[in-house]
Amino acid sequence: MPETMTQALQMSTLGVEGEGIWLALGTIGMLLGMVYFMAKGWDVQDPEEEEFYVITILIAGIAAASYLSMFFGFGLTEVELVDGTVLDIYWARYADWLFTTPLLLLDIGLLAGASRRDLATLVTIDAFMIVTGLAATLMKIPVARYAFWTISTIAMLFVLYYLVVTVGEAAADADEDTQSTFNVLRNIILVAWAIYPVAWLVGTEGLGLVGLYGETLLFMILDLFAKIGFGFILLRSRAIVGGDSAPTPSAEEATAD
Ligand SMILES: *C/C=C(C)/C=C/C=C(C)/C=C/C1=C(C)CCCC1(C)C
């Protein structure tokens, strides 16, 4: 094989620091999760229960596509800072998160029986968090990067607060199954999500204490936990079965205001 082709192949399969192995594992993990959720939901008839399957399968599918694109080096770009430092950035993550984080919040919000207004607020602040996070990632001036990181992190604290307090209030009216599933999923979000800004800060986008190899591994573990682990617990729960076990958003809305 001509040398340039070999190099191109190595670039696309191993990544910059050999992190391609984690991107491959991430792709496989997301695909396995997606296939499992599809198989499990195959003959679900209940429309409410079906909704949770559709959302959760979509989350795994979007993440699988994003991981595959990063594995092939497509989702990778270089950002040159004003001091000449060049950062290797996997921007495809942010495209993934822009869709998957609102869908995760939709899953837990629908489970809790939150009102449509509360769901809309939560999703809006969340999208703001990802967009400002992407801005932090693409800025050329270091101080601007940290300024946007701070804005994004504040938005994340709002999302987590809103989830615990407002969505938590809606969940408190639900049956026992729903409440206990909500508590587990809420804790997964509280723990996993809070690590993302730290990973950014210590990783290549921030202080560079951890290289691309370690950072990609960390994000892969977090992504699988926050999406597949989350989906596994949600879809195995009896709480998602419709009828009187989970209040619908519209029923909740009628009593909430
Ligand atoms: C499946 C993917 C998930 C659950 C991703 C969550 C991502 C975040 C909570 C990211 C947060 C960030 C900040 C709060 C600061 C700026 C950098 C980000 C985007 C990593």
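The name recorded for the protein chain in an unreviewed UniProt entry is Bacteriorhodopsin, from Halosimplex litoreum. The Subcellular location (unreviewed entry) comment attached to the protein chain in UniProt states, word for word, "Membrane".

Q: Explain the overall build of the protein chain residue by residue, including any values.
A: Looking only at helices and strands, the protein chain has 9 helices and 2 strands in total. Secondary structure elements of the protein chain occur, N-terminal to C-terminal, as α-α-α-β-β-α-α-α-α-α-α. Partitioning the intrachain contacts of the protein chain with sequence separation of at least 6 by distance along the chain shows that 74% fall at a separation of at least 24. Of the roughly 12,100 Å² of accessible surface on the protein chain, a fraction of 69% belongs to carbon and sulfur atoms.

Q: Hey, could you go over the pairing of strand β1 (residues 76-80) for me, with residue numbers and the actual values?
A: As paired strands, β1 and strand β2 (residues 86-90) are joined by 5 bridges and run antiparallel to one another. Across the sheet, the residue bridging to Thr77 is Ile89, located in β2.

Q: So, the nonpolar core: which residues are in play, and what are the values?
A: The biggest cluster of nonpolar side chains holds 63 residues, and the ones touching the most others in it are Leu111, Ile189, Trp193, Phe230 and Leu234. Setting aside residues up to four positions removed in sequence, Leu234 forms contacts with Phe52, Thr56, Asp107, Leu111, Leu185 and Ile240.

Q: Explain the UniProt feature "transmembrane region" (unreviewed entry) in the protein chain to me, using residue names and the numbers behind them.
A: In the numbering adopted here, UniProt assigns the feature "transmembrane region" (unreviewed entry) to residues 20-39, 51-74, 94-112, 119-141, 147-172, 184-202 and 217-235. Span residues 20-39 is 100% helix and 0% strand, its end C-alpha atoms 28 Å apart. Across residues 217-235 one finds 100% helix and 0% strand; the C-alpha atoms that close the span lie 26 Å apart.

Q: Which residues make up the packing of helix α3 (residues 47-71) against helix α4 (residues 92-112), and what are the values?
A: At a minimum axis separation of 9 Å, α3 and α4 run at an interaxial angle of 165°. It follows that α3 is roughly antiparallel to α4 by the angle criterion. Crossing handedness for the pair α3 and α4: left-handed. Residues Glu51, Phe52, Ile55, Thr56, Leu58, Ile59, Ile62, Ala63, Ser66, Tyr67, Ser69 and Met70 of α3 form the contact with α4, whose participating residues are Ala92, Arg93, Asp96, Phe99, Thr100, Leu103, Leu104, Leu106, Asp107, Leu110 and Leu111. For the contact of α3 with α4, the residue count by class is 15 nonpolar, 4 polar and 4 charged.

Q: Mind laying out the site of the ligand, listing which residues take part and the relevant values?
A: Contacts to the ligand come from 17 residues, most closely from Trp97, Ser152, Trp193, Tyr196 and Lys227. Protein coverage of the free-state accessible area of the ligand, which is 530 Å², stands at 100%. Looking at the shell around the ligand, the elements that each hand over two or more residues are α4, α5 (116-138), α6 (142-172), α7 (176-202) and α8 (212-236). Along the lines of polarity and charge, the residues of the shell around the ligand split into 11 nonpolar, 4 polar and 2 charged.

Parameters and conventions
- Residues numbered from 1 in each chain as written.
- Predicted model: local features only at pLDDT ≥ 70, side-chain atom pairs only at ≥ 80, totals over all residues.
- Heavy atoms only, no water.
- UniProt positions renumbered as here; feature names shortened; annotations may be inferred.
- Helix = DSSP H or I, 4+ residues; strand = E, 2+ residues; numbered from the N terminus.
- Contact = heavy atoms within 4.5 Å.
- Areas by Shrake-Rupley, 256 points an atom, 1.4 Å probe, with all protein chains shown as cover.
- Pairing = 2+ DSSP bridges.
- Core = buried A, V, L, I, M, F, W, Y, C linked by side-chain atoms within 4.5 Å.
- Buried < 20%, exposed > 50% of the residue type's maximum accessible area, 1.4 Å probe, protein only.
- Axes fitted to C-alpha atoms, helices over the stretch in contact; angles between N-to-C directions.
- Parallel < 35°, antiparallel > 145°, perpendicular 65-115°, else oblique.
- Left-handed = near helix turned anticlockwise from the far one by under 90°.
- Nonpolar A, V, L, I, M, F, W, Y, C, P; charged D, E, K, R; others polar.
- Near = heavy atom within 4 Å.

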